[in-house]
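Listed below are the residues making up each chain.
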Amino acid sequence: MLFRSDAIFLVERGTFIEFNAAAEALFGLRRDQLLGAKPAALSPAIQPDGQSSHDAALHYIQRALSGHSSRFIWQHLKGDGTPFTSEVTLAPALQMAPGEPQRFVSVVRDVTEQLAAQQALRDLNNHLEDRVRSRTAELEQALANLQRTQDDLVRDRKSTRLNSSHGYISYA
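Let us look at the structure shown here. Everything numeric in this text was worked out from a predicted model, so none of it was measured.

Reading the values: the criteria
Residues numbered from 1 in each chain as written. Predicted model: local features only at pLDDT ≥ 70, side-chain atom pairs only at ≥ 80, totals over all residues. Heavy atoms only, no water. Pairing = 2+ DSSP bridges. Helix = DSSP H or I, 4+ residues; strand = E, 2+ residues; numbered from the N terminus. Expected span 1.5 Å × (residues − 1). Contact = heavy atoms within 4.5 Å. Polar contact = N/O pair within 3.5 Å; in protein donor to acceptor, adjacent residues only side chain to side chain. Patch = residues over 30% accessible without salt bridge, like charges linked within 9 Å, V, L, I, M, F, W, Y side chains within 5 Å. Areas by Shrake-Rupley, 256 points an atom, 1.4 Å probe, with all protein chains shown as cover. Salt bridge = Lys/Arg side-chain N within 4 Å of Asp/Glu carboxyl O. 1 Å grid on protein atoms, 1.4 Å probe; cavity = no way out; pocket = protein on both sides within 12 Å on 5 of 7 lines; lining within 4 Å. Points joined across faces, edges and corners; volume = space filled by probe spheres on them. Nonpolar A, V, L, I, M, F, W, Y, C, P; charged D, E, K, R; others polar. Phe/Tyr/Trp six-rings, centres within 6.5 Å; stacked < 30°, edge-to-face > 60°. Buried < 20%, exposed > 50% of the residue type's maximum accessible area, 1.4 Å probe, protein only. Lys NZ or Arg CZ within 6 Å of the ring centre and 35° of its normal.

## A few points about the pairing of strand β4 (residues 83–92)
Move 1: As defined by bridge partners, strand β3 (residues 70–77) adjoins β4 across eight bridges and the pair is classed as antiparallel. Counterpart to Phe-72 in the pairing with β4 is Val-88.
Move 2: Count of turn residues in the β3/β4 antiparallel hairpin: five residues, of which Gly-81 carries a positive phi of about 95 degrees.

## Topic: helix α3 (residues 53–65)
Move 1: End to end, α3 covers 18 Å across 13 residues, agreeing with the expected 18 Å (1.5 Å per residue, within 8%).
Move 2: Where α3 is buried, its residues contact β3, β4 and β5 (103–110).
Move 3: Near the N-terminus of α3, the side chain that reaches the backbone nitrogen of His-54, with its oxygen 3.3 Å away, is that of Ser-52.

## Remarks on a nonpolar patch on the surface
Move 1: Among the surface-exposed residues, Leu-121, Leu-124 and Leu-128 lie close enough to one another that they form a single nonpolar patch of about 280 Å² accessible area.
Move 2: Position of Leu-124 among the secondary structure elements: in helix α4 (residues 112–165).

## Things to note about empty space enclosed by the protein
Move 1: Applying the stated criterion across every chain yields a total of one cavity of 30 Å³ or more.
Move 2: In this structure, the largest cavity encloses a volume near 210 Å³.
Move 3: Pro-39, Ala-57, Trp-74, His-76 and Ser-106 are, among the 19 residues lining the largest cavity, the residues nearest its centre.
Move 4: Going through the elements one at a time, α3, β3, β4 and β5 are the ones with two or more residues in the lining of the largest cavity.
Move 5: For the lining of the largest cavity, the leading source of residues is α3, giving five residues.
Move 6: Within the lining of the largest cavity, the residues separate by chemical class into 14 nonpolar, five polar and no charged.

## Focus on the packing of aromatic side chains
Move 1: Enumeration according to the criterion identifies seven aromatic pairs in this entry.
Move 2: With 6.5 Å between their ring centres and 85 degrees between their planes, Tyr-60 and Trp-74 make a pair best called edge-to-face. One end of the pair, Tyr-60, is in helix α3; the other, Trp-74, is in strand β3, and 14 residues separate them in sequence.
Move 3: Of the residues examined, Tyr-60 reaches a relative accessible area of 22% and is grouped as partly exposed.
Move 4: Ring-pair connections join several aromatic residues into one group, and the members of that group are Phe-9, Phe-16, Phe-19, Phe-27 and Phe-84.
Move 5: Positioned above the aromatic ring of Phe-19, the side-chain terminus of Arg-31 is 4.7 Å from the ring centre.
Move 6: Over the ring of Phe-84 we find Lys-78, and its NZ or CZ is 4.6 Å from the ring centre.

If you want it as structure tokens, here you go:
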């Protein structure tokens, strides 16, 4: 499903030949700055997983040009150099006429906030699980203490009854 904020690019011969206004807004670049630019210009040299952006992009682009769609997480750079995390979908574009250059469509969605929220939920969940484990251990210890106390009370009561029943000595 596309959103109005999704950047949509049409790429031919490794350069942007068309895009929507959301692309300009997302990357903070004017139309004349994006037109003819290469996708690599909008990525850091290395992705967070340590892979070369150029090599990884080439892999996904080759898949799109061979007729296969791809969806993946990608680190991009805004025009001012600010990094952001995106979900990218690459898909082959329909060839309108035989011999026409191969094209692909790239849809880019900023998922930085979504991923941060997911991480915050994971962190909160881990914290709550730690608290549950800690509280469970405390309750298990309290239950063990209560069981010992109950056992001691039962033993003391039996001992008291036993002593009182044998406490009468007859001197007849």
